[in-house]
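# Close look at the chain arrangement
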Amino acid sequence: MNDLPEVSGPGQSVRGSVARGFEPVKHAFAAAIQSGAALGAACTIIHRGETVVDLQGGWQDKARTSEWQGDDIALVYSLTKGLTGMAAAVAVSRSLFAYDEPVADIWPEFAAHGKGAVTVGEALSEQAGLAAIDFKLTLGNLADEEAICAAVAAQKPNWTPGDHSGNHAYTLGWIASELIHRRDPQGRRLPQFFAEEVAGPLGTDVFIGLPDSFDRSRIARIDGFGLQDLFIHHTTMPWPLTFKMCLPGTLAFRTLNNPLILEGPGALDCEEFWRAGQGAAGGMASARGLAALYQAFADGGEKLGISPEVMATLSQGHAYPRKGLKDQIFTADMYYSFGFEKPFAEWEYARARSAFGSFAVGGSLAFADPEDGIAYAWITNQLGTGKWDDPREKIVRDAFYACLETIA
C-alpha cells in the first residue's frame, strides 16, 4: 500500500493509502471531498484478500471541528440490512432454521392474516408484505422488540405475500431478530447474536446496537435532509415516491415516516437510536469494518462458518416475486434477496451477478462479490437525495473497476 500525503487544507484532505495501480481511485474519492459534495466519507476496498483502497476525508461533524479518521464509525442506515443478512446466513449455516422453512413453524403467531405460508427466505427478501405496521414507533420504544415483534406477527400484510417485494425499512430487522431469538439455544436477539457470532470473531468496528463502552468521539455525525430537500435538490429519487412520502396514509408514508415524523433520516442520528439495535436501519460501522465483514463472504464464508450451500444460495439469489421486481414502496425495480440486494438489469453495481450487499439512504454502499473476490464499502455522513448510484460513490466504484481491468 502507498501512503498518501495529505492534500489541500483542513477538512479537504484525503488520508489513507492505495495499492500500486489503484491511484485513480484516490483521485475519484478526493473529488467529492474537495468539491464539498461530501461533508466526510470513507472507503475501503479489499481484492482477493489484499486491501487495495483505504481512504478517509472531510469532516466528522457538521461544525467542521474534527476530521474523519480511519477508524471512525457512522450510522449506516440500510447497510444494516446486509449485516442482518450475514447474521441470518450464520444462523442458517448452523441449522437454527432454513431459508425455505415457513416462518410460522418457528414463530406460530406470525401466521395471522394469511401469512402462514411465508418462508424465512421470502421474509428476508422483503416479500412478506410487512413494510408498514400499524404499531406507532417512537425513538423511545424502538428497542422494545417483544412488543414490536408481536405487532409484526399480528399485522395484516400490505400486499399478498410473495406477489411483490417492498422496502421493509425497519421491520426486516425485527423479523430476523425474532427468528434468531426463537431458535438460538441461548435465546439471543439479533444485536447480541451479531456481536458475538459475526462482528466479534472478525474484530470489526461494526455494531447493531452501540455499546456504552464505545468512544462517542469516534462517531461521524450525519448531515441529513428534510422532505423539502427531495423537491428542492431532487436527483434520482422516483417522483412518485417523493410525493407519496408526503401523503399520510400512503404505504410509502407509513413505511418510511413512522418514527421520523417528517424530520428526515438525520433525526435518527442520536443516542437513543444508536443504542436501540434496530436491525434494518440502526447499524453503526466504519468502512474498514464493513469491508472486513464482506471480505469474509467474498472469501467463501469459512471464517464465519458459512456453509457452501448457504454461500451458493446467496450468490444465486432468491426467486423474484411472482409479479416482478417493482418495489411497492420505492415505486421502482429492486432485487431483494435474503437480507441483501443483488445486481439486476437496472442496477449492475458489480461486474458479477453473484454479488450481494446493500445500499442506504444518502448514498452509502457495501457489498461482497465472491466471483471477483471483492469486498467494497463506501460510507458518508452527508446524505444525498438519490435512489442508488450516488455520484460521489459511483465515481469511486467506477475508478476501482477500471483499475481492476487494467491490472488483470
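The notes below deal with the structure included here. (Residues numbered from 1 in each chain as written. Predicted model: local features only at pLDDT ≥ 70, side-chain atom pairs only at ≥ 80, totals over all residues. Heavy atoms only, no water.)

## What to know about the sheet that holds strand E6 (residues 206-208)
Sheet architecture is open: four strands sit in the order E6-E8-E5-E7, paired in mixed fashion. Two strands close off the open sheet at either side, each with one partner strand: E6 and strand E7 (219-220). The pairing of strand E5 (residues 73-75) with strand E8 (residues 283-285) spans two bridges and is classified as antiparallel. From the neighbouring strand, alanine 74 faces E8, where its bridge partner is alanine 285. (Pairing = 2+ DSSP bridges. Helix = DSSP H or I, 4+ residues; strand = E, 2+ residues; numbered from the N terminus.)

## Quick notes on empty space enclosed by the protein
Taken as a whole and assessed by the stated rule, the structure comprises four cavities of 30 Å³ or more. Here the second largest cavity defines a volume of roughly 80 Å³. In terms of lining residues, the second largest cavity is bounded by 13 residues, among which Gly363, Lys387, Trp388, Asp389 and Asp390 are the most central. (1 Å grid on protein atoms, 1.4 Å probe; cavity = no way out; pocket = protein on both sides within 12 Å on 5 of 7 lines; lining within 4 Å. Points joined across faces, edges and corners; volume = space filled by probe spheres on them.)

## Some details on the pattern of salt bridges
Applying the stated rule across the entire model yields 27 salt bridges. As a salt-bridge pair, glutamate 126 and lysine 81 come within 3.0 Å of each other at their nearest N and O atoms. Here the residue glutamate 126 occupies a position in the loop between helix H4 (120-124) and helix H5 (145-154), and lysine 81 occupies one in helix H2 (residues 79-93), the gap between them amounting to 45 residues. Across the pair, lysine 81 and glutamate 126 agree in class, each one buried. Here glutamate 178 ties to arginine 189 by a salt bridge, and the two come within 2.8 Å at their closest N and O atoms. Remark: arginine 189 occurs in the loop between helix H6 (171-183) and helix H7 (190-202) and glutamate 178 occurs in helix H6; sequence separation between them is eleven residues. Residue classification places glutamate 178 among the buried positions, given a relative accessible area of 6%. (Salt bridge = Lys/Arg side-chain N within 4 Å of Asp/Glu carboxyl O. Buried < 20%, exposed > 50% of the residue type's maximum accessible area, 1.4 Å probe, protein only.)

## Notes on unusual backbone geometry
Positive phi outside glycine occurs at arginine 48, with the angle close to 50°. Within the secondary structure layout, arginine 48 lies in the loop between strand E3 (40-47) and strand E4 (50-58). With a phi angle near 55°, phenylalanine 338 is a residue other than glycine that sits in the positive phi range.

## What to know about H2
Every α-helix carries 3.6 residues per turn, so stepping three or four residues along brings you back to the same face. Taking 1.5 Å of rise per residue, the 15 residues of H2 would be expected to cover 21 Å, and the 22 Å separating its terminal C-alpha atoms lies within 8% of that figure. Along H2, 15 of the 15 residues are buried, which leaves the element largely enclosed by surrounding structure. Serine 95 sits one or two positions beyond H2 and adopts a positive phi of about 65°. (Expected span 1.5 Å × (residues − 1).)

## Topic: the nonpolar core
In terms of nonpolar packing, the biggest core is built from 135 residues, with Phe22, Phe194 and Phe297 touching the most fellow members. Broken down by element, the residue count for this core peaks at nine residues, all from H2. Setting aside residues up to four positions removed in sequence, phenylalanine 194 forms contacts with Leu83, Ala87, Ala199, Gly200, Val206, Phe207, Ile208 and Leu293. (Core = buried A, V, L, I, M, F, W, Y, C linked by side-chain atoms within 4.5 Å. Contact = heavy atoms within 4.5 Å.)

## A closer look at the pairing of strand E12 (residues 365-369)
Among the five residues in E12, five count as buried, and that is most of the element. The alternating pattern of E12 places Leu365, Phe367 and Asp369 on one face and Ala366 and Ala368 on the opposite face, and all of these are buried. Of the pairings in the sheet, the one linking strand E11 (residues 356-359) to E12 comprises four bridges and is antiparallel in character. Note on E12: the bridge partner recorded for phenylalanine 359 is leucine 365. Hairpin connection between E11 and E12: a loop of five residues separates the two successive antiparallel strands, and glycine 362 in this loop has a positive phi of roughly 100°. Counted between consecutive antiparallel strands, the loop separating E12 from strand E13 (residues 374-380) contains four residues, among which glycine 373 sits at a positive phi close to 70°.

## Here's the deal with the packing of H6 against H7
For the pair H6 and H7, interaxial distance at closest approach is 8 Å and the crossing angle is 75°. On the basis of the axis angle, H6 is roughly perpendicular to H7. Taking contact as the criterion, the partners of Gly173, Ser177 and Ile180 in H6 are, on H7, Leu190, Pro191 and Phe193. The residue makeup of the contact of H6 with H7, split by class, is four nonpolar, two polar and no charged. (Axes fitted to C-alpha atoms, helices over the stretch in contact; angles between N-to-C directions. Parallel < 35°, antiparallel > 145°, perpendicular 65-115°, else oblique. Nonpolar A, V, L, I, M, F, W, Y, C, P; charged D, E, K, R; others polar.)

## Quick look at the packing of aromatic side chains
Applying the stated rule across the entire model yields 16 aromatic pairs. Consider the rings of tryptophan 347 and tryptophan 388, whose centres lie 5.0 Å apart with planes at 10°: the pair is stacked. Placement of the pair is tryptophan 347 in the loop between strand E10 (340-341) and E11 and tryptophan 388 in the loop between E13 and helix H14 (391-407), with a sequence separation of 41 residues. Taken as a pair, tryptophan 347 and tryptophan 388 share a single burial class, namely buried. Note on tyrosine 349 and phenylalanine 367: the rings are 5.0 Å apart at their centroids and 55° apart in plane angle, and the pair reads as tilted. Placement of the pair is tyrosine 349 in the loop between E10 and E11 and phenylalanine 367 in strand E12, with a sequence separation of 18 residues. A network of ring pairs unites the aromatic residues Phe344, Trp347, Tyr349, Phe359, Phe367, Tyr376 and Trp388 as a single cluster. (Phe/Tyr/Trp six-rings, centres within 6.5 Å; stacked < 30°, edge-to-face > 60°.)

## Points about the side chain of glutamine 56
Looking at the element boundaries, glutamine 56 is found in strand E4. A residue is classified by how much of its surface remains accessible, and glutamine 56, at 5% relative accessible area, is buried. Here the side chain of glutamine 56 touches aspartate 54 through a polar contact of 3.4 Å, side chain to side chain. Contacts of glutamine 56, omitting those with residues within four sequence positions, involve Ser13, Val14, Arg15, Gly16, Phe29, Ala41, Ala42, Trp68, Gln69, Gly70 and Arg288. (Polar contact = N/O pair within 3.5 Å; in protein donor to acceptor, adjacent residues only side chain to side chain.)

## Section: the pairing of E3
Counting buried positions along E3 yields eight of eight residues, so the element is predominantly enclosed. By the alternation rule, side chains of E3 split into Gly40, Ala42, Thr44 and Ile46 and Ala41, Cys43, Ile45 and His47, which are all buried. In this structure, E3 lies alongside E4, joined through eight bridges in antiparallel fashion. Within the sheet, the bridge partner assigned to cysteine 43 lies in E4 and is leucine 55. Taken together, E3 and the strand that follows it, E4, pair antiparallel across an intervening segment of two residues, in which arginine 48 is found at a positive phi of about 50°. In this sheet, E13 lies alongside E3 in antiparallel orientation, the contact comprising seven bridges. Each residue of the ladder has a partner; that of isoleucine 46, found in E13, is alanine 375.

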